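Each chain is listed here by its residues.
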Amino acid sequence: MLLTLLKRYVKPYWWLITGVVVFQLAQSMASLYLPTLNADIIDNGVATGDTAYILTTGGWMLLITLAQVACSITAVYFGARLAMAVGRDLRRGVFRKVGAFSEREVSKFGAPSLITRTTNDVQQVQMLVLMTSTMLVSAPILAIGGVILAMQQDLELSWLIAVSVPVLLIAVGLIVSRMVPLFRVMQKKIDRVNLVLREQLTGIRVIRAFVREPVERQRFGAANAEITDVATRAGRLMALMFPVVMAVLNVSSVAVLWFGAFRVEDGSMQVGTLMAFLQYLMQILMAVMMATFMAVMIPRASVSADRIGEVLDTESSVVPPLQPITDVSLHGAIEFDDVSFAYPGAEAPVLRNLTFLTEPGTTTAVIGSTGAGKTTLVNLLPRLFDATEGSVRIDGVDVRDLEPDALWERIGLVPQKPYLFSGTVASNLRYGKPDATDDELWHALEVAQARDFVAAMPGGLEATVAQGGTNVSGGQRQRLAIARALVKRPEIYVFDDSFSALDVATDGRLRRALRADIGEASMFVVAQRVSSIVDADQILVLEHGEIVARGTHEQLLVTSPTYEEIVSSQLSAEEAAA
Ligand SMILES: Nc1ncnc2c1ncn2[C@@H]1O[C@H](COP(=O)(O)OP(=O)(O)OP(=O)(O)O)[C@@H](O)[C@H]1O
């Protein structure tokens with residue numbers, strides 16, 4: 001997966017890769033040339049006391065060193081740009097994919113894991129690109145070139161290379177092989193910490209109310225301890241790497257100097273040659289070390305690439321149609337034709353053989369006990385889920401055949417738990433229609449019975465809204481969400497239990513204003529309270545996923561014992577409260 005991912009995401013930046021390769025090549029060549037000049041200056045300048053030779057060769061060495069540094073910096077610059085670009089594109093790719101997911105896929109991965117995959121996992125791949133771009137070209141050139149040039153300097157001492165390189169490889173290889181399995185565990189542990197943290201933040205009020213802070217602290221502590229434990233084990237191994245490498249490097253240097261000194265003594269080798277040989281051996285070992293760094297990075301990034309790939313390879317279960325119908329003017333006639341629905345993984349269907357038709361411009365209400373399937377029913381309209389059997393049609397067109405954006409543009413959904421985004425009242429209201437004027441916003445607020453409280457907020461339309469709308473009350477949030485749907489002016493409004501937090505008087509005013517304001521649009525209202533739906537053109541009574549009765553309030557009072565029971569239970573509850 002790592003290779004496939006890299007091929008796909010690195011390819012567009014071929015010019016940056018070319019830059020990296022060219023400058024890496026140049027700086028490696030310079031690195032390889034410097035020890036030869038060094039030997040030259042010692043043997044032909046220092047040894048003979050030729051100052052002029054020292055100065056000219058020294059001048060060349062200085063120039064080459066400067067060029068090497070410049071090439072090295074430029075290569076790193078190109079490499080860093082490449083890594084950042086790949087990281088950005090990957091994050092965008094994952095984000096877009098997740099944006100197209102239906103609820104089914106989001107719950108399959110879990111939101112915290114999707115966040116880790118978009119952030120931490122992408123960062124691992126990005127780090128690999130950065131490291132690779134600085135080492136991939138120079139490491140093999142330094143290793144191979146170093147071996148050739150060292151042998152050229154002195155063939156007899158080259159057995160030292162043959163010994164020290166495998167020793168370093170084996171030592172580092174042993175450490176790396178123990179680190180790799182820890183990485184997979186580590187990413188899972190990060191997922192876990194994210195999950196606990198997220199639950200704590202979203203459920204903070206419940207945690208306080210149930211005095212569960214110590215328990216939650218313990219839960220977070222346990223997740224945190226697990227990640228620390230794995231990270232410590234990986235860190236311990238990583239810490240071992242540096243001393244091991246240094247030990248091999250130092251022992252090899254001493255061995256070269258020891259055996260080289262004998263050859264210098266018997267006159268078969270010059271001091272400069274010995275120094276050059278030593279420098280080449282160091283370069284070779286450094287290259288081997290770079291390779292082992294890669295050996296650490298690759299498996300780690302590979303784990304992350306697999307996790308990113310899983311997301312990228314997952315197709316939304318709500319698939320867009322092959323030949324989408326875009327050119328359609330919807331009037332809002334909704335038809336459920338023998339619709340059944342079961343949640344993924346659940347055997348029993350939540351909705352069973354629903355068949356009904358609503359006329360354009362009318363109000364349809366759904367009532368029933370909790371868990372009867374009301375929310376599930378309305379979620380099928382904007383394709384938050386697709387029907388398992390049967391079809392949902394708008395003006396005769398199956399919602400699965402409509403171009404998804406065309407469908408969503410025409411539906412104004414106010415979910416049971418409306419979500420407000422961080423920003424201002426105005427930015428939230430303009431969510432579905434960015435160019436709406438202030439007058440349009442105030443009008444929508446008026447209809448949603450929200451004008452007064454928004455006017456009283458500091459800044460009015462520009463008043464700050466916290467993430468999730470946590471700085472406004474539940475009822476205010478509901479009314480802002482209704483206003484947001486109204487600003488969009490869709491053909492079909494879906495209110496899922498959107499009036500529950502309103503008092504009966506406000507509820508009544510809001511419904512009257514709504515019906516007058518939305519004109520020809522159709523309305524689908526899920527409600528718990530009979531008073532919210534008495535004037536609906538059609539009421540569907542849902543019981544255990546089936547429509548057990550259908551009609552107007554007056555008709556149902558006569559024909560449906562279930563509806564009559566709901567009405568009388570609510571009346572007696574109101575009388576008891578009075
Ligand atoms: N995402 C889900 N995965 C699995 N089962 C679900 C899911 N959402 C709801 N259910 C189940 O489907 C059934 C119907 O739920 P739904 O939310 O549609 O009921 P409802 O009539 O809207 O209830 P309420 O009035 O309490 O909101 C319930 O038994 C519920 O447990």
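Sequence positions are assigned chain by chain, starting from 1 and proceeding in written order. Side-chain atom pairs in this predicted model are given and counted only at pLDDT of 80 or more, local residue features only at pLDDT of at least 70, and totals for whole chains, interfaces and linings cover all residues. Note that water and hydrogens are dropped before the side-chain values are worked out from all heavy atoms of the structure.

- The protein chain carries the name ABC transporter ATP-binding protein in an unreviewed UniProt entry, which gives Agromyces salentinus as its organism.
- Under the UniProt heading Subcellular location (unreviewed entry), the note attached to the protein chain is "Cell membrane". UniProt positions are given in the numbering used here, feature names are shortened, and annotations may be inferred rather than shown by experiment.

## As for the side chain of S522
Okay, so step 1: In DSSP terms, a helix is any run of H or I states spanning at least four residues, a strand is any run of E spanning at least two, and both are numbered starting from the N terminus. If you trace the backbone, S522 turns up in strand β10 (residues 522-526).
Okay, so step 2: If sequence neighbours within four positions are ignored, S522 has contacts with H331, G332, E359, P360, G361, T362, E491, I492 and Y493. Whether two residues are in contact is decided by their heavy atoms, any of which lying within 4.5 Å being enough.

## Remarks on the side chain of D507
Okay, so step 1: Tracing the backbone shows D507 in helix α17 (residues 504-518).
Okay, so step 2: Nitrogen and oxygen atoms within 3.5 Å of one another constitute a polar contact, given that in protein one can donate a hydrogen and the other can accept it, and given that sequence-neighbouring residues count only through two side-chain atoms. Of the polar contacts made by the side chain of D507, one reaches the side chain of R529; its length is 2.8 Å.
Okay, so step 3: Not counting residues within four places of it along the chain, the set of residues in contact with D507 comprises F499, L502, R529, S531 and S532.

## What to know about the UniProt feature "domain: ABC transporter" (unreviewed entry) in the protein chain
Okay, so step 1: Mapped onto this structure's residue numbering, the UniProt feature "domain: ABC transporter" (unreviewed entry) falls at residues 334-569.
Okay, so step 2: In residues 334-569, helix accounts for 33% and strand for 25%; the two terminal C-alpha atoms are 31 Å from one another.

## Quick word on empty space enclosed by the protein
Okay, so step 1: We place a 1 Å grid over just the protein atoms. Points where a 1.4 Å probe fits but has no way out form a cavity, open points with protein on both sides within 12 Å along at least 5 of 7 lines form a pocket, and any residue with an atom within 4 Å of a point lines it. Grid points are joined across faces, edges and corners, and a volume is the space filled by probe spheres set on the points. Considering all chains together, one arrives at two cavities of 30 Å³ or more under this definition.
Okay, so step 2: Taken as a whole, the largest cavity encloses approximately 40 Å³ of empty space.
Okay, so step 3: Around the largest cavity sit L420, V425, N428, L429, V465, L480 and R484, which together line it.
Okay, so step 4: For the lining of the largest cavity, the secondary structure elements donating two or more residues are α13 (425-429) and α16 (474-488).
Okay, so step 5: At three residues, the largest contribution of residues to the lining of the largest cavity is made by α13.
Okay, so step 6: In terms of residue class, the lining of the largest cavity is built from five nonpolar, one polar and one charged.
Okay, so step 7: Taken as a whole, the second largest cavity encloses approximately 30 Å³ of empty space.
Okay, so step 8: Lining the second largest cavity we find L380, F385, D386, A387, V392, D398, V399 and R400.
Okay, so step 9: Amino acids are sorted into nonpolar (Ala, Val, Leu, Ile, Met, Phe, Trp, Tyr, Cys and Pro), charged (Asp, Glu, Lys and Arg) and polar (every other residue, Gly among them). In terms of residue class, the lining of the second largest cavity is built from five nonpolar, no polar and three charged.

## A word on the nonpolar core
Okay, so step 1: Put simply, a nonpolar core is a bunch of buried Ala, Val, Leu, Ile, Met, Phe, Trp, Tyr and Cys residues held in one set by side-chain atoms that sit within 4.5 Å of each other. Each residue is placed in one exposure class: buried if its accessible area under a 1.4 Å probe, protein chains only, is under 20% of its type's maximum, exposed if it is over 50%, and partly exposed if it falls in between. Among the nonpolar cores identified, the biggest contains 79 residues, and L90 and I308 are the most heavily contacted of them.
Okay, so step 2: When residues of this core are traced back to their parent elements, those giving at least two are α1 (2-10), α2 (14-46), α3 (51-100), α5 (111-135), α6 (138-153), α7 (159-202), α9 (213-265) and α10 (271-313).
Okay, so step 3: If sequence neighbours within four positions are ignored, L90 has contacts with L5, Y9, V122, V125 and I308.
Okay, so step 4: V414, A450, A527 and A536 belong to the second largest nonpolar core, which has 50 residues in total.

## Points about the environment of I41
Okay, so step 1: For I41, the position within the fold is in helix α2.
Okay, so step 2: Between the alpha carbons of I41 and T51 there is a distance of 9.9 Å; along the sequence they are ten residues apart.
Okay, so step 3: Excluding anything up to four places from it in sequence, I41 contacts V46, I54, T57, G58 and M61.

## Thoughts on the site of the ligand
Okay, so step 1: As a matter of local geometry, the ligand sits amid Y343, V350, S369, T370, G371, A372, G373, K374, T375, T376, Q416 and Q528.
Okay, so step 2: Within the backbone of G371, a nitrogen or oxygen atom sits 2.9 Å from an oxygen atom of the ligand.
Okay, so step 3: T376 is positioned such that a nitrogen or oxygen atom in its side chain is 2.4 Å from an oxygen atom of the ligand.
Okay, so step 4: All accessibility values rest on the Shrake-Rupley procedure with a 1.4 Å probe; residue burial counts only the protein chains present in the view. Here the ligand, which alone exposes 640 Å², has 59% of that area covered by the protein.
Okay, so step 5: When grouped by side-chain class, the residues that make up the shell around the ligand number three nonpolar, eight polar and one charged. For each residue, the test is whether any non-hydrogen atom lies within 4 Å of the molecule or strand; if one does, the residue is near.

## What to know about the confidence of the model for the protein chain
Okay, so step 1: Looking at the protein chain, the pLDDT average stands at 88 and 98% of residues meet or exceed 70.
Okay, so step 2: Predicted as a complex, the structure gets a pTM of 0.72 and an ipTM equal to 0.95. pLDDT: the predictor's confidence for each residue, scored from 0 to 100.

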